[in-house]
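Examining the three-dimensional arrangement
Each chain is listed here by its residues.
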Amino acid sequence: MIRILSITLLSLLLGGVLAFGATSWPIRPGLVGLGLMVLAALAVRNYWLGLELAAPGSPERALWLGMSSAAVIAGHLMASLWRIGPAMELHTRAGHALGTDSWTLVLGAAIAYRIARDPEPRHDERDAAIETRGLRAGYRSLVGVLLALILLLGFGVGRVVPALSYPLIAHLLITAVIVSCLVSESVQLHAYWLDRSLEEKEA
Amino acid sequence: MSGTPIGNHLRRLRFEHGEISQDALARAVGITRQTIVALEGGRYAPSLELAMRLALVFGRRVDDIFFWRDEPPALTFHAPV
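Residues numbered from 1 in each chain as written. Chains lettered and ligands numbered in written order. Predicted model: local features only at pLDDT ≥ 70, side-chain atom pairs only at ≥ 80, totals over all residues.

1. Quick look at the overall build of chain B
Within chain B one finds five helices and two strands. Overall, chain B shows an N-to-C arrangement of helices and strands of β-α-α-α-α-α-β. By principal-axis analysis of the C-alpha atoms, chain B measures approximately 50 × 25 × 20 Å. (Helix = DSSP H or I, 4+ residues; strand = E, 2+ residues; numbered from the N terminus.)

Right, dumping it as structure tokens:
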């Protein structure tokens, strides 16, 4: 459980650090993130290879990769939105930097998945049951965030909404979708962790 | 994935069938090794299809492999009058 939380928080933090490096680093932060994702995927692949039969199954591996990548992207997006501010515009230097870095991180996530995924993927009905549980949690969190946004947009007309640009609102919605994915993946990883801890207790 | 009311003899059957490994059994019925571990630990109750596949692999009937851990629930059928 601590591992799930710490990897999520570290990935969010990494995304945040990358967002704040956008103006000062000599190399594009998106490329730094991509490089770190690839290195982490190589290290994780070797770690899982070493575990042999004790290694997590294909769906759990995909969840670890998806959750950590989504957290980096979410951290980067949220910190960038915070840095740019409510009057965000797309066709500006900051807007282009956000777009370039975000898509570079998405590319990094795809490469990392390709490197560290199970070479012989297998999943079954138990994984499907765990996935259903995660999807349900993700759906509920998405509805919760959307309700908060609806209230903000509906009742903040006088004060908050005029300060928000349309691109910012669109990016808030993207963030809501990524956060719901994070919740879904975390709940599924928690289910696998719970199952494994019960197994260890019995052993 | 807490305990289920359905138990099974999978571990014993594996050993009776030449100590077949969990991974080999999982491959034979098209599931993951982790699910065999969960089944043997009584933390997962299989679908009817999976139960029948396991029975087929061991050449047994489903109720030779799976059983109620405690007294089964008292279920009654009320025929329409």
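2. Describing the overall build of chain A
Broken down by element type, chain A carries six helices and zero strands. Secondary structure elements in chain A, listed N-terminal to C-terminal, are α-α-α-α-α-α. Counting all 203 residues of chain A, 33% fall into the buried class. Pairs at least 24 residues apart make up 90% of the contacts formed inside chain A by residues separated by at least 6 positions. (Buried ≥ 20, exposed ≤ 12 C-beta atoms within 10 Å, placed from the backbone. Contact = placed C-beta atoms within 7 Å.)

3. Quick notes on the interface of chain A and chain B
Between chain A and chain B, the contact holds 13 residues from the first and 14 residues from the second. No other element matches the six residues that helix α6 (residues 166–202) of chain A contributes to the side of chain A that touches chain B. Of the residues belonging to the side of chain A that touches chain B, the class tally is four nonpolar, two polar and seven charged. (Nonpolar A, V, L, I, M, F, W, Y, C, P; charged D, E, K, R; others polar.)

4. A closer look at the nonpolar core
Residues and elements named next belong to chain A. In terms of nonpolar packing, the biggest core is built from 32 residues, with Ala74 and Leu182 touching the most fellow members. Take this core: its biggest share by element is eleven residues, from helix α3 (residues 58–84). Among residues more than four places away in sequence, those in contact with Leu182 are Thr8, Met67, Ala70, Ala71 and Ala74. (Core = buried A, V, L, I, M, F, W, Y, C linked by C-beta atoms within 7 Å.)

5. Remarks on the packing of α3(A) against α6(A)
All names here are of chain A. Here α3 crosses α6 at 150°, and the two axes come no closer than 9 Å. Between α3 and α6, the angle falls in the class roughly antiparallel. Here the hand of the crossing between α3 and α6 comes out left-handed. When its residues are assigned to classes, the contact of α3 with α6 shows 18 nonpolar, five polar and two charged. (Axes fitted to C-alpha atoms, helices over the stretch in contact; angles between N-to-C directions. Parallel < 35°, antiparallel > 145°, perpendicular 65-115°, else oblique. Left-handed = near helix turned anticlockwise from the far one by under 90°.)

6. Observations regarding the confidence of the model for chain B
Per-residue confidence for chain B averages 90 on the pLDDT scale, and 98% of its residues sit at or above 70. With pTM at 0.86, the complex prediction returns an ipTM value of 0.83. (pLDDT = per-residue confidence, 0-100.)

7. Some details on the packing of helix α5 (residues 125–155) of chain A against α6(A)
Residue and element names in this part refer to chain A. Where α5 meets α6, the closest approach of the two axes is 8 Å, and the angle between their N-to-C directions is 150°. In terms of their interaxial angle, α5 and α6 are classed as roughly antiparallel. Once α5 is placed against α6, the crossing between them reads as right-handed. The residue makeup of the contact of α5 with α6, split by class, is 16 nonpolar, six polar and three charged.

8. Side note on the environment of A:Asp118
Residues and elements named next belong to chain A. Residue placement: Asp118 occurs in the loop between α4 (93–116) and α5. Judged by C-beta crowding, with 17 C-beta atoms within 10 Å, Asp118 ranks as partly exposed. Considering only alpha carbons, one finds Asp118 and Leu39, 79 residues apart in sequence, at a separation of 17 Å. If we skip the residues at most four places from it in the chain, Asp118 touches Ser58 and Arg61.

9. As for the environment of A:Leu182
With respect to the helices and strands, the residue A:Leu182 is situated in helix α6. With 67 residues separating them in the primary sequence, A:Leu182 and A:Ile115 have C-alpha atoms 21 Å apart.

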